[in-house]
Amino acid sequence: MNLVVGVGLRTGTPSAELQDLVTAALHELAGEVRLVVTITGKENEPALQELVAQLGAGLRTFSKDELAKQSVPTPSAQVEHLKGTPSVAEAAVLATGARLLVPKRQTPNTTIAIGVQAAAGNEAPGRAVVQRAAGSEAADRAVVERAAGYDVRDRDVVQRVIAERRDVRRGFLDLPVDDVTLGRVLEAAHRAPSVGLSQPWDFLVIRDLATRRKVHDLAIAQRDVFAASLPEDRRAAFDGLKIEAILDTPLNLAVTCDPGRGGRHVLGRHADPRTTMFSAAIAIQNLWLAARAEGLGVGWVSFFEPGEVAAALDLPAHIELVGYLCVGYVDEFAAAPELVRSGWAKRRPLSWAVHHEEWGRRDTSIVDDALQAAQNAVPATGQRVHVIVGGDATQLRQAEALVVDLKADRPPADFGVLWRPARTPAEAVEFGVEIARDLALQGVGNLVVQIEENSERAEALARGLQVGASACGLTHSTT
Ligand SMILES: Cc1cc2nc3c(=O)[nH]c(=O)nc-3n(C[C@H](O)[C@H](O)[C@H](O)COP(=O)(O)O)c2cc1C
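Every value quoted in this text rests on a predicted model; they were computed, and no experiment measured them.

Rules used throughout
Residues numbered from 1 in each chain as written. Predicted model: local features only at pLDDT ≥ 70, side-chain atom pairs only at ≥ 80, totals over all residues. Heavy atoms only, no water. Axes fitted to C-alpha atoms, helices over the stretch in contact; angles between N-to-C directions. Helix = DSSP H or I, 4+ residues; strand = E, 2+ residues; numbered from the N terminus. Parallel < 35°, antiparallel > 145°, perpendicular 65-115°, else oblique. Contact = heavy atoms within 4.5 Å. Pairing = 2+ DSSP bridges. Near = heavy atom within 4 Å. Polar contact = N/O pair within 3.5 Å; in protein donor to acceptor, adjacent residues only side chain to side chain. Areas by Shrake-Rupley, 256 points an atom, 1.4 Å probe, with all protein chains shown as cover. UniProt positions renumbered as here; feature names shortened; annotations may be inferred.

Things to note about the packing of helix H7 (residues 152–164) against helix H11 (residues 274–294)
Next up, step 1: The interhelical angle for the contact between H7 and H11, taken along N-to-C directions, is 100 degrees, at an axis separation of 9 Å. With respect to their mutual orientation, H7 and H11 come out roughly perpendicular. Facing Val-161, Ile-162 and Glu-164 of H7, the residues of H11 in contact are Leu-289, Arg-292 and Ala-293.

Quick word on the sheet that holds strand S8 (residues 251–257)
Next up, step 1: The strand order across the open sheet built from four strands is S7-S8-S10-S9, with neighbouring strands paired in antiparallel fashion. Strands with a single pairing partner mark the edges of an open sheet, and in this sheet they are strand S7 (201–206) and strand S9 (296–301). With direction set aside, neighbouring strand axes in the sheet form an average angle of 25 degrees.
Next up, step 2: As paired elements, S8 and strand S10 (residues 320–329) share seven bridges and run antiparallel to each other. Looking at the pairing, Val-255 lines up with Gly-323 of S10.
Next up, step 3: The strands touched by helix H8 (residues 179–190) within the sheet are S7, S8, S9 and S10, with S7 carrying the most contacts at an inclination of about 160 degrees.

Describing the site of the ligand
Next up, step 1: Around the ligand, a shell composed of Arg-165, Arg-166, Asp-167, Arg-169, Lys-242, Ile-243, Trp-300, Val-301, Ser-302, Phe-303, Pro-337 and Leu-339 is seen.
Next up, step 2: Within the side chain of Arg-169, one N or O atom sits 3.0 Å away from an oxygen atom of the ligand.
Next up, step 3: Residue Trp-300 places a main-chain N or O atom 3.2 Å away from a nitrogen atom belonging to the ligand.
Next up, step 4: In the complex, 73% of the free accessible area of the ligand, which totals 620 Å², lies under the protein chains.

Considerations on the UniProt feature "domain: CobE/GbiG C-terminal" (unreviewed entry) in the protein chain
Next up, step 1: Mapped onto the present numbering, the UniProt feature "domain: CobE/GbiG C-terminal" (unreviewed entry) falls on residues 3–114.
Next up, step 2: A helix fraction of 37% and a strand fraction of 29% characterise residues 3–114, whose end C-alpha atoms lie 7 Å from each other.

Right, here's the structure in full:
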């Protein structure tokens, strides 16, 4: 039997998770897997590539429109919402012309289905992904592993801790964090890379309740300031969110930066002083990952004016606060960020973030992608935003106003002003698409676009805003 394995998977799915699922399903079948099939855009996922190499199979992809045409036994409304097709794994098998033998099976990050090809010899439809011979791939990998790389299982552990790290604000247990465990976590932080090996961080370990109360008061005050800045519907959603766990955790950590550490000749810092803060932020990420592996939840609180926390903690004047962390044991970590689960915000697809060789050259043009997505967009609800294209900051009268400044000079920092000095009208369209889609990720459901500048770039950006809005099902109008 010539078998076809259909795969739907999340970005960063651990290879072992996919391979174990496929191995278990194949266990009951006699046959050889000739083809692995999936949705266009997933062909470069490492777990998928490793599965294909391990099976010595071919890889084919189908667009979401081709998949949506298939009549599958177990469609999913959620997958339809996210991918524009009610099924990936089952639909991809059926799209090859194969008969479905094993309907969909799932783990948290991946779904598979298996089919049998009706007749050998016919080229299956779909887009073939150029795959190197399984043998040479395996040989190359063996060389890499022998040289320095980890084996698959260890690589999966690294991917797993990255994927399963969460910002945690709820569900802390009433358990102390002992010094040995804390030492391991701080050791990981202290191993972070730093500009010129300047190691600009320090870690202030705070268990004292009175100190934590002072810091807590500051966070609550800033929470109120932020809430007051929000439009009404967004404020209601924000009221349901927990933004800190300062008093709910046994341990708080203030991670600081000494921007001058190492003196004048720190290698790599002279042209970009920001690198010292980057170094301290990376130390926090190391800490966060090591804590996850220990079962310790970490919540980063930034609802502060940093100087106020520095004063509450009596920090020396040359030391800057980088992150304030709440740390404690939890008995579970959520599978997705709390802001995603609560509907406050959504993740941005990796494909929007990767540009090849020049800015704007993505695997799929963001404009084409938006035009395609518009055909299957599900109507969205959410906050109304008034986007003023080519205006200036004086136009920011209401909380829902947002100015897109097209001038050549960077305006003063203000999150109500997006500075988009597009170099060409085509780039302006892209920027418009991007702004609309990024706003949708932040819970916007309605765009009112007002063009304030009489220029080709302003018109193009407004056009992009409309395309981007349509792609996400936002209602939109131009005034
Ligand atoms: C620099 C920084 C500051 C943050 N500040 C806060 C905060 O003040 N309150 C909060 O609830 N979460 C805060 N977070 C957590 C983010 O909301 C969280 O990382 C994001 O939603 C993704 O979720 P995840 O970390 O669980 O993957 C912060 C994260 C970072 C990196």
